[in-house]
Amino acid sequence: MGISISKIHEMVGNRENLVIFEVGCADGTDTKEFLRQFGSNLKLYSFDPDPTNIKAMSADNGKDVKGVGNTQLRTDNRHTFTPCAIAAQDGVTTFTRSRNTNAPDGGVDFGRYSGSILEPKTIISGGPRGNRWPFIKYDEKITVDTRSLDSFCEEHGIDHIDFLWMDVQGAEKEVFLGAKNMIGKISYIYTEYHEEEMYEGATNLQTVSDLLPGYELAQNWPYTDVMGGDALFKLRD
């Protein structure tokens, strides 16, 4: 991703009652960095639906792909992990699991970074730029729980989000459709976008912009290997 956690700290780190959402936290590598760089004013909510990532985030022996333990993720009261996909509504959906075969043990217990609630397309078939990720395999579909941002925030009494960090593999539209009440109460939104259909119905930059009335595109980091990129949206004053 294009933005660094240290830059996010510069942007919002000194706010009182700081709320950050990490939607698609994988094995907790970035989650730990948020906790390391931010202070006691932070409340960090993280989400991921993949069973391997859930184990990494919440099990007693959980660790990231580099073998670094995740004990802090379970013991730090600034952090709350919820094992689900963020989507347009509460319920269940089909999730296609990814597996990085170049990870330890062929990615069975690590490397679950590219799964999606959308069907993988050019990330498998290659698309206009050829097959760029032959090591990523999609060989399992499971049913996972879903929550909408609106429902989760209402349940937990969250009336604002200072920074929303999203890594949802094409399902950005689904996240925003489930955040109609919270959009306008989120200061910054950092998300991927796709100009090729890496996943069926993947969200392009224009669609992201259309779904975020009241926001301006603050910065764009185009990818070099994918028709798409990362984008930072800022709530207009």
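Below or above, wherever it landed, is the structure these notes cover. (Residues numbered from 1 in each chain as written. Predicted model: local features only at pLDDT ≥ 70, side-chain atom pairs only at ≥ 80, totals over all residues. Heavy atoms only, no water.)

**Comments concerning the overall build of the protein**
Alright, step 1. Along its length, the protein carries 8 helices and 10 strands.
Alright, step 2. Relative to a compact globule of 237 residues, whose C-alpha radius of gyration would be 18 Å, the protein shows 17 Å and is just as compact.
Alright, step 3. Counting only C-alpha atoms, the protein reaches 45 × 40 × 35 Å along its principal axes.
Alright, step 4. The burial tally for the protein puts 52% of its 237 residues in the buried class.
Alright, step 5. For the protein, the proportion of contacts with a sequence separation of at least 24, taken over those separated by at least 6, is 70%.
Alright, step 6. Entry remark: accessible area of the protein is about 10,600 Å², with carbon and sulfur atoms responsible for 46%.
Alright, step 7. On the protein, the mean spot of the 24 positive side-chain charges and the mean spot of the 36 negative ones are 2 Å from each other. (Helix = DSSP H or I, 4+ residues; strand = E, 2+ residues; numbered from the N terminus. Rg over C-alpha atoms; globule rule 2.2 N^0.38 Å. Buried < 20%, exposed > 50% of the residue type's maximum accessible area, 1.4 Å probe, protein only. Contact = heavy atoms within 4.5 Å. Areas by Shrake-Rupley, 256 points an atom, 1.4 Å probe, with all protein chains shown as cover. Lys, Arg positive; Asp, Glu negative; His and termini not counted. Charge placed at Lys NZ, Arg CZ, Asp CG, Glu CD.)

**Points about the sheet that holds strand 2 (residues 42-47)**
The pairing of strands in a sheet happens through backbone hydrogen bonds and is either parallel or antiparallel.
Alright, step 1. An order of 3-2-1-7-8-10-9 is seen for the 7 strands of this open sheet, with the pairing classed as mixed. Lying at the two open borders of the sheet, with one neighbouring strand each, are strand 3 (79-82) and strand 9 (215-222). If you compare each strand with its neighbour and ignore which way they point, the axes differ by 15° on average.
Alright, step 2. As judged from the 4 bridges shared by strand 1 (residues 18-23) and strand 7 (residues 161-166), these two strands associate in the parallel manner. (Pairing = 2+ DSSP bridges. Axes fitted to C-alpha atoms, helices over the stretch in contact; angles between N-to-C directions.)

Coordinates in, geometry out; function isn't part of it.
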